[in-house]
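Below are the chains, spelled out letter by letter.
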Amino acid sequence: MPDLVAVTFPDHATAFELRAEVVRLQGEYLIALDDAVVVTRAEDGKVDLHQATNLTASGAVQGSIWGLLIGTLFLSPLFGAALGAGAGAFAGAFSDIGINDQFMRDLAEDMQPGSAATFLLVREATPDKVVERLKAFRGKGKILQTSLTADSEEKLRAHLEAKPET
């Protein structure tokens, strides 16, 4: 079962940098993610979710491919592609995979205006190597929520929330 890790930062840029670094680690097979979302809270209190995957665009592409194939069977490939793209975009806009959007919005209500959080749904990881690579974020964030064991959460909290080494 995947583990949820949510880390808050006092600014938006650091949250996006953490997500980018974790995605790089995924490319090196040090971590496997099911979802990675940055949640920002604007100065006016508005909460925005920045998904790593645009489900609407993904649905439109997949729908147009299927529509083209089905349309070809009925001698109307362009109409099939257009209809499939529309249906796929509609379905993608209303689908929610990974971390529940409402859960993230609810947690973001307690965040300070101008701050951000990175939500990661981690399927598996090589913890010692991942923690080593995340040294640049030491002392910059605070653990908001995890589904880790108490020992694992404490180790992550001690590493992430500690003052940077000089």
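Up top is the structure these notes are about.
So, a few notes on the structure that sits alongside this text.

Reading the values: the criteria
- Residues numbered from 1 in each chain as written.
- Predicted model: local features only at pLDDT ≥ 70, side-chain atom pairs only at ≥ 80, totals over all residues.
- Heavy atoms only, no water.
- Helix = DSSP H or I, 4+ residues; strand = E, 2+ residues; numbered from the N terminus.
- Buried < 20%, exposed > 50% of the residue type's maximum accessible area, 1.4 Å probe, protein only.
- Contact = heavy atoms within 4.5 Å.
- Areas by Shrake-Rupley, 256 points an atom, 1.4 Å probe, with all protein chains shown as cover.
- Salt bridge = Lys/Arg side-chain N within 4 Å of Asp/Glu carboxyl O.
- Pairing = 2+ DSSP bridges.
- Axes fitted to C-alpha atoms, helices over the stretch in contact; angles between N-to-C directions.
- Core = buried A, V, L, I, M, F, W, Y, C linked by side-chain atoms within 4.5 Å.
- Arc of directions from axis to C-beta.

## Some thoughts on the overall build of the protein chain
Helix and strand counts for the protein chain come out as six helices and five strands. The helix and strand sequence of the protein chain, counted from the amino end, reads β-α-β-β-α-α-α-β-α-β-α. Here the protein chain holds 166 residues, and 37% of them are scored as buried. A separation threshold of at least 6 residues defines the contact pool for the protein chain, and within that pool the share at least 24 residues apart is 71%. Element-wise, carbon and sulfur atoms account for 60% of the exposed surface of the protein chain, whose accessible area totals about 9900 Å².

## Focus on the pattern of salt bridges
According to the stated counting rule, one finds eight salt bridges in the structure shown. Where E28 meets R133, a salt bridge forms, and the shortest distance between an N and an O atom there is 2.5 Å. Of this pair, E28 sits in the loop between α1 (12–27) and β2 (31–41) while R133 is found in helix α5 (residues 127–133), placing the two residues 105 residues apart along the sequence. A salt bridge links K46 to D48, with the shortest nitrogen-to-oxygen separation between them at 3.1 Å. Given the relative accessible area of 27%, D48 is considered partly exposed. Within the structure, one salt-bridge network assembled from shared partners comprises E21, R24, E28 and R133.

## Brief notes about the sheet that holds strand β3 (residues 47–51)
If you trace the five strands from one edge of the open sheet to the other, you get β3-β2-β4-β1-β5, paired in antiparallel fashion. Looking at strand neighbours, the two that pair on one side only are β3 and β5 (142–146), the edges of this open sheet. Put simply, the sheet's adjacent strands are angled 20° from each other on average, direction ignored. Where β2 meets strand β4 (residues 116–125), nine bridges bridge the pair, whose relative direction is antiparallel.

## Points about unusual backbone geometry
Not every positive phi belongs to a glycine, and Y29 is a case in point at roughly 60°. With respect to the helices and strands, the residue Y29 is situated in the loop between α1 and β2.

## What to know about the environment of A6
The residue A6 is located in strand β1 (residues 3–9) in this model. Residue classification places A6 among the buried residues on the basis of a relative accessible area of 0%. Between the alpha carbons of A6 and L144 there is a distance of 5.3 Å; along the sequence they are 138 residues apart.

## A closer look at the nonpolar core
Counting 20 residues, the largest nonpolar core has V7, L18, V22, I31, L33 and L134 as the members making the most contacts within it. Elements that contribute at least two residues to this core include exactly β1, α1, β2 and β4. Residues A6, V39, V47 and A117 belong to the second largest nonpolar core, which totals 14 residues.

## Some words on helix α4 (residues 101–108)
Residues of α4 that are buried include every one of M104, L107 and A108, and no others. Down the axis, α4 shows its buried residues gathered within 100° of arc, on one side only. Close packing links the buried residues of α4 with β2, β3, β4 and β5.

## Things to note about the pairing of β1
With respect to burial, β1 is a largely interior element, six of its seven residues being buried. Both β1 and β4 contribute to a ladder of seven bridges, which runs antiparallel. Pairing of T8 across the sheet is with A117, part of β4. Strand direction decides the pairing type here: β1 and β5, joined by four bridges, are antiparallel. Paired with V7 across the bridge in β5 is I143.

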